[in-house]
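Structural characterization, general
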Amino acid sequence: MPGITTAHRTVNGIALHVAEAGPADGPLVVLLHGFPEFWWGWRRQIEALAAQGFRVVAPDQRGYNLSDKPQGVRAYELDTLVADLEALVRSYGRESCRLVGHDWGGLVAWWAASRRPGLIDRLVILNAPHPAVVGAYMRRHPSQMAKSSYIGFFQIPWLPERMLARDGFSALRRSLRGSSRRGTFSDEDLRAYDAAWAQPGALTGMLNWYRALRHRPSLPDPRVDPPTLVIWGEGDRFLERGLAEASLALCRDGRPLWMPQATHWVHLEEADAVNEALVGFLK
């Protein structure tokens, strides 16, 4: 894509592949993707943010695409993922960043905001709950527990990898297209995802994020101090709006942007509206 360069950065003992755009001295914005994406998931945001003067960094998080894929489930604990983020910010000579996270990237962003509030100037979450609210919410709402049942399957060794790789990643392709509005994921997009999923060790690395949930560190105080914007596609097949409301209740200064016409993939389906909201809030 024009204006975007890629590089590898050594952070927290691993090499992260990153996409970069925008002026080197601009305010730092870090974009954290979710499952089963990679930096390409932000393809409709990177250049729009860079054009507004931000230094935009979108890493392939550990286990994904061209970044390192450490072995072992414990290498994917939330505190370790936050340590990757902190080291990445420091690698650009910065003490803090404006942080945007979607899906699993949003869980990492929430956790960072509670664990390391000084690291984050402003926080934007797209369709991702704070990890501290998920368990209690599911116990009160069996409908959400049913929607999250796939996580139990992902805990099984090796079988999920085999199932997801079968027939040219057909299950992952169906999941993306089946949970989004028609036309959200083009054939070209899916070819890019295919290449990322086919990287050696990628499927296991991606699934280890889920498997590490049982090792989630304790979080005595989940409150979120940085100003926070939650953008939520209300047609999300995986996550209920109540999770967003429960997460916002933890925020000192939180505000929602509900998008009833969008699904889990709100940043792709409503890119113009999301970009406008991002620029306005992050500036």
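Below is a summary of the structure that appears in this document. (Residues numbered from 1 in each chain as written. Predicted model: local features only at pLDDT ≥ 70, side-chain atom pairs only at ≥ 80, totals over all residues. Heavy atoms only, no water.)

**Considering the packing of aromatic side chains**
What counts, and what does not: The rule is short: rings of Phe, Tyr and Trp, with Trp giving its six-membered ring, pair when the centres are within 6.5 Å, and they are stacked under 30 degrees, edge-to-face over 60, tilted in between. Put simply, DSSP marks the helices as runs of H or I at least four residues long and the strands as runs of E at least two long, and each gets a number from the N terminus on. Each residue gets one of three labels from its accessible area relative to the maximum for its type: buried under 20%, exposed over 50%, partly exposed in between, using a 1.4 Å probe on protein chains only.
Summed over all chains, the structure comprises 17 aromatic pairs. When the centroid spacing of 6.2 Å and the interplanar angle of 70° are considered together, the rings of Y150 and F238 count as edge-to-face. Residue Y150 is located in helix α6 (residues 150–154), and its partner F238 is located in the loop between β7 (228–233) and α10 (241–248); the two are separated by 88 residues in the primary sequence. The exposure class assigned to Y150 is partly exposed, which follows from its relative accessible area of 29%. Among the residues examined, F238 registers a relative accessible area of 18% and is labelled buried.

**Side note on a nonpolar patch on the surface**
How we decide: Like charges within 9 Å and nonpolar side chains (Val, Leu, Ile, Met, Phe, Trp, Tyr) within 5 Å are joined into patches, using only residues over 30% in relative accessible area that form no salt bridge. We get accessible surface area from the Shrake-Rupley algorithm with a probe of 1.4 Å; when it comes to residues, only the shown protein chains can shield them. The rule for a salt bridge is simple: a side-chain nitrogen of Lys or Arg has to be within 4 Å of a carboxyl oxygen of Asp or Glu.
Among the surface-exposed residues, I156, W158 and L159 lie close enough to one another that they form a single nonpolar patch of about 290 Å² accessible area. Inspection of the secondary structure assignment puts W158 in the loop between α6 and α7 (159–178). Assessed through its relative accessible area of 54%, W158 is described here as exposed.

**Some points on the pattern of salt bridges**
Charged atoms that come close allow side chains of opposite charge to pair. As enumerated under the stated definition, the model contains 18 salt bridges in all. Close ionic contact of R181 with E270 constitutes a salt bridge, the shortest N to O distance being 2.9 Å. Taken together, the positions of R181 in the loop between α7 and α8 (187–197) and E270 in the loop between α11 (266–269) and α12 (271–282) put the pair 89 residues apart, joining distant regions of the chain. The class for R181 is partly exposed, based on a relative accessible area of 30%. The residue R241 makes a salt bridge to E245 at a minimum N-O spacing of 2.9 Å.

**Re the environment of P217**
Quick reminder of the rule: Only heavy atoms enter the contact rule, under which two residues are in contact if any of them lie within 4.5 Å.
Inspection of the secondary structure assignment puts P217 in the loop between α9 (202–211) and β7. You can call P217 buried: its relative accessible area is 14%. Distance in space between the C-alpha atoms of P217 and A19 is 29 Å, their sequence separation being 198 residues. For P217, the contacting residues outside a window of four places in its chain are E77, L78, D79, W111 and R115.

**Re the sheet that holds β7**
Cut-off, in case you're wondering: Any two strands with at least two DSSP bridges between them are considered paired. A fitted line through C-alpha atoms serves as each axis, taken over the contacting stretch for helices, and the angle formed by two N-to-C directions is quoted from 0 to 180°.
Taken in spatial order, the 8 strands of this open sheet run β1-β2-β4-β3-β5-β6-β7-β8, and their pairing is mixed. The open sheet has two edge strands with one neighbour each: β1 (5–11) and β8 (254–259). Geometrically, the sheet is characterised by an average inter-axis angle of 25° between neighbouring strands, direction not taken into account. Contacts from helix α2 (residues 78–91) reach β1, β2 (14–21), β3 (28–32), β4 (55–59) and β5 (97–102) within the one sheet, and its direction differs from that of β1 by about 115°. Across the face of the sheet, α10 comes into contact with β7 and β8 while running at roughly 165° to β8.

**Some details on α7**
Each turn of an α-helix holds 3.6 residues, which means side chains three or four residues apart point in the same direction. Test applied: Multiply 1.5 Å by the residue count of a helix minus one, and that product is the helix's expected span. Here the bend at each residue means the angle between axes fitted to two seven-residue stretches, the one ending at that residue and the one beginning there.
Here α7 contains 20 residues, and its C-alpha end-to-end distance of 22 Å is more than 12% below the 28 Å for a straight helix at 1.5 Å per residue. The largest bend in α7 is about 115°, located at D167. By the burial criterion, the buried members of α7 are P160, E161, L164, F169, S170, A171, L172 and L176. For α7, the secondary structure elements touched by its buried residues are α6, α8 and α9.

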